[in-house]
Amino acid sequence: MSRRRKALVAVTAGLATVSLGLSFTSAAGAAPGAKTDPNGLKLVKTKTSLFGTHYWYQQTFKGLPVIDGYYAKHVTKSGTTEIADGRDAVPADLDVSAKVQAASATQSANSAVTARANRARIAGPGKSLTQQPAATSGAAQLAVIGGPNARLVWNVTSRSTEGVSRSLVDAKTGSVVASKVISDNVDGHGSVFDPNPVVSEQNEKLTDMNDKNQDALFLAQKNVILRNLDGSGKLNGSYVNIKEAKGGIAQNKNNNFIYQRANDKFEQVMAYYHVNQTQEYIHSLGFTDVNNESQDFSIDTFAGDNSFYDPSTDMITMGEGGVDDAEDAEVIWHEYGHAIQDDVVPGFGESEQAGAIGEGWGDYWAVTNSVPVSKGFNLPCVMDWDATSYTTDEPHCLRRTDGTKTTDDIDGEVHDDGEIWSRALWDIHQNLGRTKANKLILEATFFYDPDTSFAAAAQDTVQAARLLYGKAAAQTVTDAFKARKIL
Ligand SMILES: [Ca+2]
Ligand SMILES: [Ca+2]
Ligand SMILES: [Ca+2]
Ligand SMILES: [Ca+2]
Ligand SMILES: [Zn+2]
């Protein structure tokens, strides 16, 4: 967008007239030379400095904000007033009824942002062929551009791999007038358990001690880079948004989020890091539309020893009973597994067997995400650290993915029956390898019915294996489900 020069300044003392150095037209009829604040200005902020008070106004036109149109009044303690006038002239007859719908403007804006982000990657250093996620966006707002090309626009805020972008879409013609990155994605620093202290320290004797800091647990912490943060100084980014948290949301303007486990903010960092990791992994498999959004989390806000995904609010709540659930990445990944299925198959889990598939998949997703960092330690054991609070046998596991249940053992409880499903997935993982297994299982999920059965979902999985990797792989997958008496 081309902009004309801003900030013509008039200085007055006492009651002298404010002189505005540019011609200005607005429906509200503010005229040059007005003694008081011109109409069409909305006070947005008042700041106090050593010298005085600073009033910042947004220029408006027929109630809509004028993009980049500002007006500031600096009133010093000695009684002088200084005006910084950054208003743009808007023709009084400009029509402010949109011809283009908000949704279609949003779509155009997101396409422009996605295209630019992709060009930047190809041109940039260390070019990567990994497909990048498309831009997502918040609500579109009507606004006005002033100046020589005055027009009505939709102001669309989008999020992409480049960060947060602002696009202006002509509300009459639908063309994208301007689009720019207003805040880059940034890297932060954090400290986490990965996946949990029992596994990383290979120590089944560790205990919670009511969330106390302990040397052994401090040693289990690992310093990590927190990628894809939006730069707001909060744990908010492309794939994760810590929306609510006991004791308040972690904030640091330099994006440093280093805490010990007794600090509840540690769990916020855990959720951010491990969900970002798992989304980067999903993208590395080629998927660009698997819960490809900033997943909301509510951390340590449930006193019971349970965590849950609520499809009605699209929020994951992490409980703090026993070991704080978010101290174990496998609890985070299990819940995220539910969010994935709800995103890919709207309303997923309507039948008991679909519910069991959800639980089995969540356990499997926890385990497969642990594989790269677990050095082979008790891989099929689910939630090794969280389970120290409520199990006595070693290894401590909430459930396992290498059980021997078959459909003969169905008891109608989704977590119990989920072990039938997770074992089949784990066999596929063991026999075809992690990458192939996760690619075909994720692909198959897109074909599930919300009220699917073990057998129908197994058929979808066999079909995905056949199309991706051929007959032999399909046979391996079939065998895994046959061993569970699913097929
Ligand atoms: Ca904790
Ligand atoms: Ca717990
Ligand atoms: Ca606790
Ligand atoms: Ca584990
Ligand atoms: Zn679950």
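All values derive from a computational prediction rather than experimental measurement.

### Observations concerning the overall build of the chain
Tallying secondary structure elements over the chain gives 10 helices and 18 strands in all. Of all 487 residues assigned to the chain, the portion counted as buried reaches 50%. For the chain, the share of sequence-separated contacts (at least 6 apart) that also reach a separation of at least 24 residues comes to 61%. Carbon and sulfur atoms make up 51% of the accessible area of the chain, which amounts to about 21,100 Å² in all.

### Description of the pattern of salt bridges
This model, assessed by the stated rule, comprises 19 salt bridges. Arg87 is the partner of Asp85 in a salt bridge, and the nearest nitrogen-oxygen pair spans 2.5 Å. The salt bridge involving Arg399 is made with Asp363; its shortest N-O contact spans 2.6 Å. Here Asp363 lies in helix H6 (residues 352–370) and Arg399 lies in strand E18 (residues 399–400), a separation of 36 residues in the sequence. Taken individually, Arg399 and Asp363 each receive the classification buried, so the pair is uniform in this respect.

### Comments concerning the coordination of the zinc ion (ligand 5)
Those donors, His334 (NE2), His338 (NE2) and Glu359 (OE), are the protein atoms that reach the zinc ion (ligand 5), and they lie 2.1 Å from it. Coordination of the zinc ion (ligand 5) draws on donor residues from a single chain, spaced H-x3-H-x20-E in sequence. Remark: Glu359 occurs in helix H6 and His338 occurs in helix H5 (residues 329–344); sequence separation between them is 21 residues. Comparing His338 with Glu359 shows no difference in burial state: the two are buried.

### Brief notes about the pairing of strand E4 (residues 64–76)
As paired elements, strand E3 (residues 52–61) and E4 share 9 bridges and run antiparallel to each other. Within the sheet, the bridge partner assigned to Phe61 lies in E4 and is Leu64. Counted between consecutive antiparallel strands, the loop separating E3 from E4 contains 2 residues, among which Lys62 sits at a positive phi close to 45 degrees. Bridging between E4 and strand E5 (residues 80–86) involves 6 bridges; their strand directions are antiparallel. Residue pairing across strands places Ala72 opposite Ala84, the latter belonging to E5. Between E4 and E5, which follow one another and run antiparallel, lie 3 residues, and Gly79 among them has a positive phi close to 100 degrees.

### Considerations on the confidence of the model for the chain
When pLDDT is averaged across the chain, the result is 89; 88% of the residues are at 70 or more. This model gives residues 1–36 a pLDDT under 50, and the stretch forms 74 contacts once residues within four places in sequence are excluded.

### Some points on the layout of surface pockets
Taken as a whole, the largest pocket holds about 480 Å³ of empty space. Lining the largest pocket are 27 residues, with His334, Glu335, His338, Glu359 and His415 sitting closest to its centre. Counting residues per element, the ones that place at least two in the lining of the largest pocket are strand E15 (308–310), H5, H6 and helix H7 (414–432). If one sorts the elements of the lining of the largest pocket by residue count, H5 sits on top with 6 residues. The residue makeup of the lining of the largest pocket, split by class, is 10 nonpolar, 10 polar and 7 charged.

### Section: the coordination of the calcium ion (ligand 3)
Distances from the calcium ion (ligand 3) to its protein donors, Glu320 (O), Gly322 (O) and Asp324 (OD), fall within 2.3 to 2.4 Å. When the donor residues of the calcium ion (ligand 3) are listed from N- to C-terminus, their spacing reads E-x1-G-x1-D. A residue is classified by how much of its surface remains accessible, and Gly322, at 38% relative accessible area, is partly exposed.

About the criteria used
- Residues numbered from 1 in each chain as written.
- Chains lettered and ligands numbered in written order.
- Predicted model: local features only at pLDDT ≥ 70, side-chain atom pairs only at ≥ 80, totals over all residues.
- Heavy atoms only, no water.
- Helix = DSSP H or I, 4+ residues; strand = E, 2+ residues; numbered from the N terminus.
- Buried < 20%, exposed > 50% of the residue type's maximum accessible area, 1.4 Å probe, protein only.
- Contact = heavy atoms within 4.5 Å.
- Areas by Shrake-Rupley, 256 points an atom, 1.4 Å probe, with all protein chains shown as cover.
- Salt bridge = Lys/Arg side-chain N within 4 Å of Asp/Glu carboxyl O.
- Donors = N, O, S within 2.8 Å, 3.2 Å for Na, K, Ca; no water.
- Pairing = 2+ DSSP bridges.
- pLDDT = per-residue confidence, 0-100.
- 1 Å grid on protein atoms, 1.4 Å probe; cavity = no way out; pocket = protein on both sides within 12 Å on 5 of 7 lines; lining within 4 Å.
- Points joined across faces, edges and corners; volume = space filled by probe spheres on them.
- Nonpolar A, V, L, I, M, F, W, Y, C, P; charged D, E, K, R; others polar.

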